[in-house]
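Report on the structure
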Amino acid sequence: ALSVKLRADNDFYSLIPHLQTWNLDATSQNVSSLPDFLPCPKVKDEATGTEKLVVNKTGMGSSAALVTSLVGAMLAFFQVVTLPQTSKQQTTLTTTTEEEEKKGLKVAHNLAQICHCHAQGKVGSGFDVSSAIYGSHIYTRFSKHVIASLLEELEEKASSSSLSNTLSTK
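Given the structure is predicted, the values throughout are model-derived calculations rather than measurements.

Time to look at empty space enclosed by the protein. If a probe the size of a water molecule is rolled over the atoms, the empty space left behind becomes visible. Inspection of the entire model under this criterion finds one cavity of 30 Å³ or more. Counted as a void, the largest cavity has a volume near 50 Å³. Surrounding the largest cavity, Ala8, Asp9, Asn10, Tyr13, Ser14, Leu15, His18, Leu38, Pro39, Cys40 and Pro41 form its lining. Each residue belonging to the lining of the largest cavity can be placed in one class, and the counts come to seven nonpolar, three polar and one charged.

Turning our eyes to something else, we now look at the confidence of the model for the protein. Here the protein averages 84 in pLDDT, and 87% of its residues register 70 or above. The weakest mean pLDDT in the protein belongs to helix H6 (residues 144-168) at 75; the strongest belongs to helix H2 (residues 28-33) at 94.

Together, Leu2, Val4, Leu6, Met74, Phe77, Phe78 and Val80 give the surface a local cluster of nonpolar side chains, amounting to about 700 Å² of exposed area. The class of methionine 74 is partly exposed, set by a relative accessible area of 30%.

This next bit is on the packing of aromatic side chains. Enumeration over the complete set of coordinates arrives at one aromatic pair. Between phenylalanine 77 and phenylalanine 78 the ring centres are 5.0 Å apart and the planes differ by 85 degrees, which places this aromatic pair in the edge-to-face class. Phenylalanine 78 gets classed as partly exposed once you look at its relative accessible area, which sits at 46%.

By size, the foremost hydrophobic cluster in this structure holds 11 residues: Ala64, Val67, Val71, Leu75, Val81, Leu83, Leu105, Ala108, Ala112, Val129 and Ile133. When contributions to this core are tallied by element, the ones reaching two or more residues are helix H3 (62-77), helix H4 (98-120) and helix H5 (127-134). Here the element with the most residues in this core is H3; it accounts for four residues. In this structure valine 129 touches Ala64, Thr68, His109, Ala112, Gln113 and His116, once residues within four positions along its chain are discounted.

Helical geometry note: an α-helix holds 3.6 residues per turn, so side chains three or four residues apart project in the same direction. When we look at burial in H5, the residues that qualify are Val129, Ser130 and Ile133. Buried positions in H5, seen along its axis, are confined to an arc of 100 degrees and lie on one side of it. In this structure, the buried residues of H5 make contact with H3 and H4. Directly beyond the C-terminal end of H5, a positive phi value near 105 degrees is found at glycine 135.

Thresholds applied
Residues numbered from 1 in each chain as written. Predicted model: local features only at pLDDT ≥ 70, side-chain atom pairs only at ≥ 80, totals over all residues. Heavy atoms only, no water. 1 Å grid on protein atoms, 1.4 Å probe; cavity = no way out; pocket = protein on both sides within 12 Å on 5 of 7 lines; lining within 4 Å. Points joined across faces, edges and corners; volume = space filled by probe spheres on them. Nonpolar A, V, L, I, M, F, W, Y, C, P; charged D, E, K, R; others polar. pLDDT = per-residue confidence, 0-100. Helix = DSSP H or I, 4+ residues; strand = E, 2+ residues; numbered from the N terminus. Patch = residues over 30% accessible without salt bridge, like charges linked within 9 Å, V, L, I, M, F, W, Y side chains within 5 Å. Areas by Shrake-Rupley, 256 points an atom, 1.4 Å probe, with all protein chains shown as cover. Salt bridge = Lys/Arg side-chain N within 4 Å of Asp/Glu carboxyl O. Buried < 20%, exposed > 50% of the residue type's maximum accessible area, 1.4 Å probe, protein only. Phe/Tyr/Trp six-rings, centres within 6.5 Å; stacked < 30°, edge-to-face > 60°. Core = buried A, V, L, I, M, F, W, Y, C linked by side-chain atoms within 4.5 Å. Contact = heavy atoms within 4.5 Å. Arc of directions from axis to C-beta.

Have a look at this one:
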């Protein structure tokens, strides 16, 4: 049997509910005084009488990082895939190829993406999970006015090319 207990660092969730519970002001000194690995705060749902977790996440892909770390750790622990290791972790005598590691990262990415979508209840962009697996990305979305003339020129060339192809096939 496998038992997994997730314990998030206090920096993972907002600490405001804990500070309020202990009647502490939101200062860095009071945050530092809190015990490590605090549980997620709960509130009682008056309609059902059950307790519900209050998750005030930090954002910025923190849930994707947590899901991806868990998925990667489980895949590595059960030796389902080979994942890249830091030099400090390389204690085994077996060697792995770059291709095996790329395949392992792809499996970890796909599985983490599915798990994260399930946890979030929606399909997002996937940038956060991808960044957690592969590292940072450089992405630029251009404003239309910045590249409008280029887009128009490409559209004109595509139209004239389609017209030329249509005329030459008749």
